[in-house]
Amino acid sequence: MADNEFEPNIVGFLCNWCTYTAADLAGTTRMQYPTNLRPIRTMCSGSVDPVYVIRALLSGADGVLVGGCHPGDCHYVSGNYKARRRITILKTILNTLGLEDERVWLRWISAAEGRKFADTVSKFTEELRKQGPNPVKKYWST
Amino acid sequence: MRIGIFVCHCSLNVSATIDVEQVIREVTEYPGVVYVEAYEDLCLDPALERIKKSAAEKGLEAVVMTTCSPTTHQQCLRDAMTAVGLPPDYAQVVDIRYDHETMETATRKAIDLLKATVDDLWAKAPPATFSLSPIKRALIIGGGIAGIRAALDIADGGYEVILVEKTSSIGGHMIQLSETFPTLDCPQCIETPWMVDTGQHPNIKMLAYSEVEKVSGCIGNFRVKIRRKAAYVDWDKCNGCGMCMQKCLTSVPAEFDRYINFGQRKAIYKPFAQAVPNKVVIDREHCGHFTTGLCSVCEKICPNEAIDYSQQDSFMEVEVGAIVVATGYELLPKGEIREFEEDPDIIDGLQFERILCPSGPTDGVILRPSDGKVAKEVVFISCVGSRDPEHGLPYCSRVCCMYSVKMAMLYKHAVHDGQAYIFYMDIRVTGKGYEEFVQRAVEENGVLYLRGRVSKVFRDGDKIKVWGVDTLTGKRVEISCDLVVLATAMIPSPGAKELASKLGIATDEYGFMAEIHPKLRPLESAVPGIYLAGTATGPKDIPDAVAQASGAASKVLALFSKDELILEKVAAS
């Protein structure tokens, strides 16, 4: 596939209470955004083990979006703070592995922010198109 | 595993963006899939019946339905599957209701999601549920009109209720009002009987001057730690006689009278005469015993030896099966709106209610707080902070139109030769008898409506000057008046946000308690077993707050009518 036709694969770990609901809202209100994201509903951004993110990248994802509630609004009080710490540490590890840390996005998108969800997916897709395919993919893809 | 897939057209919501036929073609051959069917509207009853029938006929072990959101549809599908003996975890909903640039990519995404869900079903652990018998006792947080109504309804249903109120008396903001629209009943007449009922009810345990400290557990089985604040008075001994209040040497502005100049209370006080429970508390910040260490007048005078300066906050733990949050509202502080100077004669709605109130600090005589003269011209300004996304809050506070006109009418009843002006943006009165009430105020009482905003309010010698505009005549208006009453926006009660995080429920962008579905489930928080009532969820008037309270109570009663709850162990999917 030529570079200008590259379409990134994005895996989204979306929190049930905020970002997944925002994705629902974007869908029901017919906001258009790219199809590149494959959402996975998790109960909380804090329940996203960094291993899931790494596994997604090793299995061929070009980017991973982790979506949670805004700081202070976590349904489980502090799950999103845990996600924030974990993703920060994960990014340093990705850098040492030679993977651009910009392939992993952590975003706070509340249940009311359907527009923000659609915009985030559009922007992430656009950024990944510029970055090109995940370099790890060619070693691991089956 | 034998998996059945049911694809919904959702009228055109799905079939206009996704090629349903292609989806069906591609998943038919997928490992595990033994049956695929498309349906026009899967959420309808006949469709669920058909899924049940197919599940039985084809011997399905798991069912995947592709429609809109699992938050709205998963439960119906799971209930239907449980009815035919399938474990609820083996009924999955895939959300394919989205809009993308091309049908081709959108269809690809739908197929991917569907296949992923099928794979996931293979890997799923056996479903887990557990049962518990609910503790049939409810906790109500907040003793305003909504909390009182909810407590009475649940208690009348035969269950125990614990009512927690942070001030020393129940009654809430309603008991501060002079009279209520549109019937002009005074709350002292209509609310106090309910307050007394609450205090006397054998099923209600009232914990005034207390706050919720910590909450754990789940529906049917919450554990709540309650802080009982030190009143420095032994309430078991206090009989509310009030002798201490007469003799106390320290006077301070009363919060119940919203700190207007006329309203004073002692350092040992009841917020108002009809307080329930009829007990006094000591305000440690102002009490001479605590500030100087020299005074102990109340201790000497109390015939029941109820004063206990050494009292400390105490804690108690209760177990309840359901919680109703009725924490109410506060008014936006005037200082946040810059058009208005800080001036004793520029007051907010609740302050004017206290001046209007026949049992209030002025005995219902309309006096200016600055010099105690009768106010002859009063300007009411609506939407102060409300409907003002630039400087205040974007939402409408819903009650201001009605309470402004009510106060203007009551003002005219008290000062016959006075004049009342109301600056308004729109008159939004939608309740029963409300429009007629506005007409009556204009026709019978000569209340003058001016459609326009106010740009500046400032002191001009003896008077307050109001600069505004009348957009119906297109002219600038300048009014010299004695008193300005601001209909400031309703905001969440202070501490609502902290309470929400203790309960694990969400708040909306303004800090009001968030409903799980604002339209169809307005009384439920996102946490099962925690219900919402009254202005905790947003501005509303008394009839709406009372209706919500009874609604929340009926939710609690429905929960308590079950002897066993089957709950799912929730896992990520």
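If you're wondering where the values come from, they're calculated on a predicted model, not measured in any experiment.

**Side note on the overall build of chain B**
Point 1. When helices and strands are tallied, chain B shows 16 helices and 28 strands.
Point 2. For chain B, the spread of C-alpha atoms along the principal axes amounts to about 90 × 65 × 35 Å.
Point 3. Classification of the 573 residues of chain B by burial places 55% in the buried group.
Point 4. Taking contacts inside chain B between residues at least 6 apart in sequence as the whole, the part at least 24 apart equals 70%.
Point 5. Entry remark: accessible area of chain B is about 24,600 Å², with carbon and sulfur atoms responsible for 51%.
Point 6. For chain B, the distance from the average site of its 61 positive side-chain charges to the average site of its 77 negative ones is 3 Å.

**Quick word on the sheet that holds strand 6 (residues 137–141) of chain B**
Residues and elements named next belong to chain B.
Point 1. Strand order across the open sheet formed by five strands is 8-7-6-16-27, with parallel pairing between neighbours. In this open sheet, the two edge strands, each paired with only one partner strand, are strand 8 (204–207) and strand 27 (530–532). Ignoring which end each strand starts from, the neighbouring axes of this sheet average 20 degrees apart.
Point 2. Pairing of strand 7 (residues 160–164) with strand 8, which is carried by four bridges, proceeds in the parallel orientation. Bridge pairing in strand 8 places L163 opposite M206.
Point 3. Strands in contact with helix 6 (residues 145–156) are strand 6, strand 7, strand 8 and strand 16 (322–325); relative to strand 6, the strand with the most contacts, it is inclined by about 170 degrees.
Point 4. Across the sheet, helix 15 (residues 496–503) lies against strand 6, strand 16 and strand 27, angled at about 165 degrees from strand 16, the strand it touches most.

**A look at the interface of chain A and chain B**
Point 1. Contacts between the two partners involve 21 residues from chain A and, on the opposite side, 27 residues from chain B.
Point 2. Notably, a salt bridge pairs K497 of chain B with D73 of chain A, separated by 3.2 Å at the nearest N-O pair.
Point 3. Where chain A packs against chain B, one counts five residue pairs in polar contact (both at pLDDT 80 or more).
Point 4. Only helix 1 (19–28) and strand 2 (37–42) of chain A provide two or more residues apiece to the side of chain A that touches chain B.
Point 5. Broken down by element, the side of chain A that touches chain B gets its largest block of residues, six residues, from strand 2 of chain A.
Point 6. In terms of residue class, the side of chain A that touches chain B is built from ten nonpolar, six polar and five charged.

**Points about helix 4 (residues 70–83) of chain B**
Point 1. If you check helix 4 of chain B, its first and last C-alpha atoms are 19 Å apart, about what 14 residues at 1.5 Å a residue would give, namely 20 Å.
Point 2. By the burial criterion, the buried members of helix 4 of chain B are P70, H73, Q74, L77, R78, A80 and M81 of chain B. When helix 4 of chain B is viewed along its axis, its buried side chains cluster within an angular range of 160 degrees and face the same direction.
Point 3. Lining the buried residues of helix 4 of chain B we find helix 1 and strand 2 of chain A together with helix 3 (45–58), strand 3 (62–67), strand 4 (91–95) and strand 28 (565–568) of chain B.
Point 4. Of the residues trailing helix 4 of chain B, G85 of chain B is marked for its positive phi of about 90 degrees.

**Observations regarding the pattern of salt bridges**
Point 1. The tally for this structure, following the rule as stated, stands at 44 salt bridges over all chains.
Point 2. The shortest N-O distance in the salt bridge between K130 of chain A and E127 of chain A comes to 3.8 Å. One end of the pair is K130 of chain A and the other is E127 of chain A, both in helix 4 (residues 114–131) and three residues apart, which spans about a single turn.
Point 3. E127 of chain A sits in the partly exposed class, given a relative accessible area of 30%.
Point 4. The structure contains a network of salt bridges with shared partners spanning D343, D345, R368, D371, K373, R459, D462, K463 and D482 of chain B.

**Some remarks on the packing of helix 6 of chain B against helix 8 (residues 192–200) of chain B**
Residue and element names in this part refer to chain B.
Point 1. Two elements in contact, helix 6 and helix 8, have axes whose closest approach is 10 Å; the angle formed by their N-to-C orientations is 50 degrees. The angle between helix 6 and helix 8 falls in the class oblique. Our pair here, helix 6 against helix 8, has a crossing hand that is left-handed. Taken together, the residues of helix 8 that come into contact with helix 6 (itself represented by I145, I148, R149 and L152) are W194, M195, D197 and T198.
Point 2. Classifying every residue of the contact of helix 6 with helix 8 gives five nonpolar, one polar and two charged.

**Points about the packing of helix 13 (residues 400–414) of chain B against helix 14 (residues 434–445) of chain B**
Residues and elements named next belong to chain B.
Point 1. Helix 14 packs onto helix 13 with a crossing angle of 35 degrees between their chain directions and a minimal axis gap of 10 Å. The handedness of the crossing between helix 13 and helix 14 is left-handed. Residues M402, V405, K406, M409, K412 and H413 of helix 13 form the contact with helix 14, whose participating residues are Y434, F437, V438, R440, A441 and N445.

**Some points on the pairing of strand 22 (residues 454–460) of chain B**
Point 1. As defined by bridge partners, strand 22 of chain B adjoins strand 23 (residues 463–470) of chain B across six bridges and the pair is classed as antiparallel. Its bridge partner lying in strand 23 of chain B, K456 of chain B is registered against W467 of chain B.

**Here's the deal with the state of the cysteines**
Point 1. In total, this model carries two disulfides over all chains according to the counting rule given.
Point 2. In this model, C186 of chain B is linked to C189 of chain B through a disulfide, with the two sulfur atoms separated by 2.2 Å. Disulfide C186 of chain B to C189 of chain B: torsion about the S-S bond roughly 75 degrees, handedness right-handed.
Point 3. You can see C15 of chain A has no disulfide; the closest cysteine sulfur is in C69 of chain A, sitting 3.6 Å from it.
Point 4. Look at C15 of chain A and you get buried, because its relative accessible area is 2%.
Point 5. Cysteine C248 of chain B shares no disulfide, and the gap to the nearest cysteine sulfur, in C295 of chain B, comes to 6.4 Å.

**Thoughts on the confidence of the model for chain A**
Point 1. Confidence in the prediction for chain A averages 89 pLDDT; 94% of positions are at 70 or higher.
Point 2. Within chain A, the element-level pLDDT minimum falls on helix 5 (residues 137–140) of chain A, averaging 67, and the maximum on strand 3 (residues 63–68) of chain A, averaging 96.

**Concerning helix 6 of chain B**
All names here are of chain B.
Point 1. Compared with an ideal rise of 1.5 Å per residue, which puts twelve residues at 16 Å, helix 6 spans 16 Å between its outermost C-alpha atoms and is within 8% of the ideal.
Point 2. Burial analysis of helix 6 places eleven of its twelve residues in the buried class, which makes it a mostly covered element.
Point 3. Within the sequence span of helix 6, burial applies to I145, A146, G147, I148, R149, A150, A151, L152, D153, I154 and A155.
Point 4. Of the surrounding secondary structure, the elements contacted by the buried residues of helix 6 are strand 6, strand 7, helix 8, strand 8, strand 16 and helix 16 (542–560).
Point 5. Just downstream of helix 6, G158 is the residue with a positive phi angle, here 100 degrees.

**Let's talk about the packing of aromatic side chains**
All names here are of chain A.
Point 1. Here the structure, examined in full by the defined rule, presents 15 aromatic pairs over all chains.
Point 2. With a centroid separation of 6.0 Å and 35 degrees between ring planes, the pair formed by F13 and Y52 is classed as tilted. With F13 in strand 1 (residues 10–15) and Y52 in helix 2 (residues 50–58), the pair connects residues that are 39 residues apart, well separated along the chain.
Point 3. What makes F13 buried here is its relative accessible area of 5%.
Point 4. The exposure class assigned to Y52 is partly exposed, which follows from its relative accessible area of 42%.

**So, a nonpolar patch on the surface**
Residues and elements named next belong to chain A.
Point 1. A cluster of nonpolar side chains, contributed by I89, I93 and L97, occupies part of the molecular surface with about 300 Å² of accessible area.
Point 2. Mapped onto the fold, L97 is located in the loop between helix 3 (79–96) and strand 4 (104–108).
Point 3. The exposed category is assigned to L97, whose relative accessible area is 59%.

**Notes on the nonpolar core**
Point 1. Ranked by size, the top nonpolar core spans 62 residues in total, and within it F117 of chain A together with I5, I51 and L77 of chain B carry the most contacts.
Point 2. Top contributing element to this core by residue count: helix 5 (residues 103–123) of chain B, with seven residues.
Point 3. Of all hydrophobic cores here, the second largest spans 44 residues; its members include L331, I366, L410 and V485 of chain B.

**Focus on the environment of L249 of chain B**
Point 1. Mapped onto the elements of the fold, L249 of chain B is located in the loop between helix 9 (243–247) and strand 11 (251–253).
Point 2. Apart from the residues within four sequence positions on either side, L249 of chain B is in contact with C295 and V297 of chain B.

Parameters and conventions
Residues numbered from 1 in each chain as written. Chains lettered and ligands numbered in written order. Predicted model: local features only at pLDDT ≥ 70, side-chain atom pairs only at ≥ 80, totals over all residues. Heavy atoms only, no water. Helix = DSSP H or I, 4+ residues; strand = E, 2+ residues; numbered from the N terminus. Buried < 20%, exposed > 50% of the residue type's maximum accessible area, 1.4 Å probe, protein only. Contact = heavy atoms within 4.5 Å. Areas by Shrake-Rupley, 256 points an atom, 1.4 Å probe, with all protein chains shown as cover. Lys, Arg positive; Asp, Glu negative; His and termini not counted. Charge placed at Lys NZ, Arg CZ, Asp CG, Glu CD. Pairing = 2+ DSSP bridges. Axes fitted to C-alpha atoms, helices over the stretch in contact; angles between N-to-C directions. Salt bridge = Lys/Arg side-chain N within 4 Å of Asp/Glu carboxyl O. Polar contact = N/O pair within 3.5 Å; in protein donor to acceptor, adjacent residues only side chain to side chain. Nonpolar A, V, L, I, M, F, W, Y, C, P; charged D, E, K, R; others polar. Expected span 1.5 Å × (residues − 1). Arc of directions from axis to C-beta. Parallel < 35°, antiparallel > 145°, perpendicular 65-115°, else oblique. Left-handed = near helix turned anticlockwise from the far one by under 90°. Disulfide = S-S within 2.5 Å. pLDDT = per-residue confidence, 0-100. Phe/Tyr/Trp six-rings, centres within 6.5 Å; stacked < 30°, edge-to-face > 60°. Patch = residues over 30% accessible without salt bridge, like charges linked within 9 Å, V, L, I, M, F, W, Y side chains within 5 Å. Core = buried A, V, L, I, M, F, W, Y, C linked by side-chain atoms within 4.5 Å.

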